[in-house]
Amino acid sequence: MIEKFNGIFYLILFSIHFLGLGFYAYQMIIGNQKFRNKFQINETATATMRMIGAIFLGTFLMAVYIMFVRPNGVEDTWAFFNLVFVQNLCIFIVNTYSIKIDKTGVKSPSNEAVIAPLIFTIISAALCYGLADKIYIY
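First, a word on scope: everything that follows refers to the structure included in this document.

The rules we used
- Residues numbered from 1 in each chain as written.
- Predicted model: local features only at pLDDT ≥ 70, side-chain atom pairs only at ≥ 80, totals over all residues.
- Heavy atoms only, no water.
- Helix = DSSP H or I, 4+ residues; strand = E, 2+ residues; numbered from the N terminus.
- Buried < 20%, exposed > 50% of the residue type's maximum accessible area, 1.4 Å probe, protein only.
- Contact = heavy atoms within 4.5 Å.
- Areas by Shrake-Rupley, 256 points an atom, 1.4 Å probe, with all protein chains shown as cover.
- Lys, Arg positive; Asp, Glu negative; His and termini not counted.
- Charge placed at Lys NZ, Arg CZ, Asp CG, Glu CD.
- Patch = residues over 30% accessible without salt bridge, like charges linked within 9 Å, V, L, I, M, F, W, Y side chains within 5 Å.
- Salt bridge = Lys/Arg side-chain N within 4 Å of Asp/Glu carboxyl O.
- 1 Å grid on protein atoms, 1.4 Å probe; cavity = no way out; pocket = protein on both sides within 12 Å on 5 of 7 lines; lining within 4 Å.
- Points joined across faces, edges and corners; volume = space filled by probe spheres on them.
- Nonpolar A, V, L, I, M, F, W, Y, C, P; charged D, E, K, R; others polar.

What to know about the overall build of the protein
- Counting secondary structure elements, the protein contains 6 helices and 0 strands.
- Ordered by position in the sequence, the α and β elements of the protein form the string α-α-α-α-α-α.
- Burial statistics for the protein: of 138 residues in total, 36% are counted as buried.
- A separation threshold of at least 6 residues defines the contact pool for the protein, and within that pool the share at least 24 residues apart is 68%.
- When the accessible surface of the protein is totalled, it reaches about 8,200 Å², and 68% of it is carbon and sulfur.
- Across the protein, the mean location of the 10 positive side-chain charges is 12 Å away from that of the 7 negative side-chain charges.

Okay, here's the thing in structure tokens:
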């Protein structure tokens, strides 16, 4: 498995990134009430939060498939990795705008909503770069 990820470093980055996404998927789908309380979000946001959590869950499940089931591992999975990077970047930009600039409805200006997507964006960019010889088939 380590060879499929160009070494242990990228395997660890991959694992950290997608376990983190899995954790947020769990919080938004199953641990929704606790997550809402943490950020002082009204219960009317539950369905929307679960929908977003479902997107994270789909990404997490695809990562599990790539890691454990797919025979070629990350080979020729450029679309998945690029989509994940773009999603992370968009979440970072939107959250930064919402929490730091617009502030509409923000009751708890937690930096977690900016820092976590920034970390996910950096990790996914590193994965795209470090796995480029495998994910992009020329």
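We are not done yet, so read on.
Describing a nonpolar patch on the surface
- On the surface, M1, M62, V64, Y65, F68 and V69 cluster together into a nonpolar patch covering about 540 Å² of accessible area.
- On the secondary structure map, F68 appears in helix α3 (residues 46-69).

Quick look at the pattern of salt bridges
- For the structure on display, the rule yields 1 salt bridge.
- Notably, a salt bridge pairs K38 with E112, separated by 2.7 Å at the nearest N-O pair. Of the two residues, K38 is situated in helix α2 (residues 32-39) and E112 in helix α5 (residues 112-130); the sequence distance between them amounts to 74 residues.

What to know about the layout of surface pockets
- Quantified by volume, the largest pocket comes out at close to 990 Å³.
- Surrounding the largest pocket, 35 residues form its lining, M28, F35, I41, N95 and A113 being those nearest its centre.
- Where the lining of the largest pocket is concerned, the elements lending two or more residues are α1 (8-29), α2, α3, α4 (78-102) and α5.
- Here the lining of the largest pocket is composed, by residue class, of 19 nonpolar, 12 polar and 4 charged.

Brief notes about empty space enclosed by the protein
- All chains considered together, the criterion is met by 1 cavity of 30 Å³ or more.
- Within this model, the largest cavity holds a volume of roughly 30 Å³.
- Around the largest cavity, the lining residues are L21, F56, T59, V84, Q87, N88 and I91.
- Contributions of two or more residues to the lining of the largest cavity are made by α3 and α4.
- Counting residues per element, the lining of the largest cavity draws most heavily on α4, at 4 residues.

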